[in-house]
Amino acid sequence: MPEWWAMSATFSPHLQRVVTDGSNRMEWMRARSRGITATDVAKLSTPRSIDAAAWEKLHGSSFSGNAYTRHGTAREPEIAAWVLREHGISPSQALFHAELDRRHLATPDGLAERDGGRLELAEIKTTNKEWRTIPRH
C-alpha cells in the first residue's frame with residue numbers, strides 16, 4: 001500500500017481496516033476470495049447457491065463479465081464524478097474488512113470522512129432501463 005495510506009490510517013481509524021487499496025486488480029480479487037462480500041451474500045439464498053459460492057471461493061470463477069457488467073463499468077466513473085461534485089464523496093476501490101471479523105469484506109464505490117470521523121459511503125448501481133423509483137431489491 002502507498003506510504004501516505006499507512007500515515008493517514010493513524011488519523012482515520014477506518015483506514016487500518018483496508019485489505020488492499022484496489023490499485024492491483026489481481027491482489028484485490030485474491031483478497032476478495034478469502035472472505036465474504038455483499039455480492040456473495042446476495043447469492044446465498046438456497047443450499048445449492050451456498051455450495052456454488054463456496055466452490056467459487058475455493059476454485060475461482062470463470063465469469064469475466066457480460067453486457068450488463070460492461071455497461072456498469074463504463075457508467076460508474078461518470079456517476080462517481082457526479083457523486084464527488086454533488087456530495088463530496090470520493091471514488092474508492094479499497095477493500096475493507098469489518099471491524100470485528102476480517103472475513104467480512106466490502107468495497108464501497110465512494111467514501112467520505114465527515115466531521116468527527118463519521119463515514120459516508122456511496123454504492124453505485126446502474127441499469128439499462130429507466131428507473132421511476134429506487135428498486136426495493
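Structural data are supplied above this passage.
Quick notes on the rules
Residues numbered from 1 in each chain as written. Predicted model: local features only at pLDDT ≥ 70, side-chain atom pairs only at ≥ 80, totals over all residues. Heavy atoms only, no water. Salt bridge = Lys/Arg side-chain N within 4 Å of Asp/Glu carboxyl O. Helix = DSSP H or I, 4+ residues; strand = E, 2+ residues; numbered from the N terminus. Buried < 20%, exposed > 50% of the residue type's maximum accessible area, 1.4 Å probe, protein only. Expected span 1.5 Å × (residues − 1). Bend = angle between axes of the 7 residues up to and from the residue. Polar contact = N/O pair within 3.5 Å; in protein donor to acceptor, adjacent residues only side chain to side chain. Pairing = 2+ DSSP bridges.

This part takes up the pattern of salt bridges. All chains considered together, the criterion is met by six salt bridges. Residue Lys57 pairs with Asp40 through a salt bridge whose shortest N-O separation is 2.7 Å. Highlighted residues: Lys57 in helix α4 (residues 47-59) and Asp40 in helix α3 (residues 38-43), separated in sequence by 17 residues. Residue class for Lys57 comes out partly exposed when judged on its relative accessible area of 24%. The exposure class of Asp40 is buried, given its relative accessible area of 9%. Across the pair Glu120 and Arg118 runs a salt bridge whose closest N-O atoms are separated by 3.2 Å. The class for Glu120 is partly exposed, based on a relative accessible area of 25%. Several salt bridges converge on common partners, so that one network encompasses Arg114, Arg118 and Glu120.

It is worth spelling out helix α5 (residues 67-87) at this point. The end-to-end C-alpha distance of α5, which contains 21 residues, comes to 29 Å, matching closely the 30 Å that a straight helix rising 1.5 Å per residue would cover. Maximum bend of α5: about 35 degrees, positioned at Arg75, with proline Pro77 one to four residues after it. One side-chain oxygen at the N-terminal end of α5 lies 2.9 Å from the backbone nitrogen of Tyr68; it belongs to Asn66. The positive-phi residue at the C-terminal boundary of α5 is Gly88, with phi of around 70 degrees.

This part takes up the sheet that holds strand β6 (residues 119-122). Read from one edge to the other, the open sheet built from three strands follows the order β2-β5-β6, with strand pairing classed as antiparallel. In the strand order of this sheet, the two ends are held by β2 (90-91) and β6, each with one partner. Bridge analysis of β2 against strand β5 (residues 110-113) gives two bridges, and the strand direction is antiparallel. Within β5, the position partnered with Pro91 by the bridge is Gly110.

As for its position among the elements, His97 is in strand β3 (residues 95-97). Of note is the side chain of His97, whose polar atom sits 2.9 Å from the side chain of Arg102.

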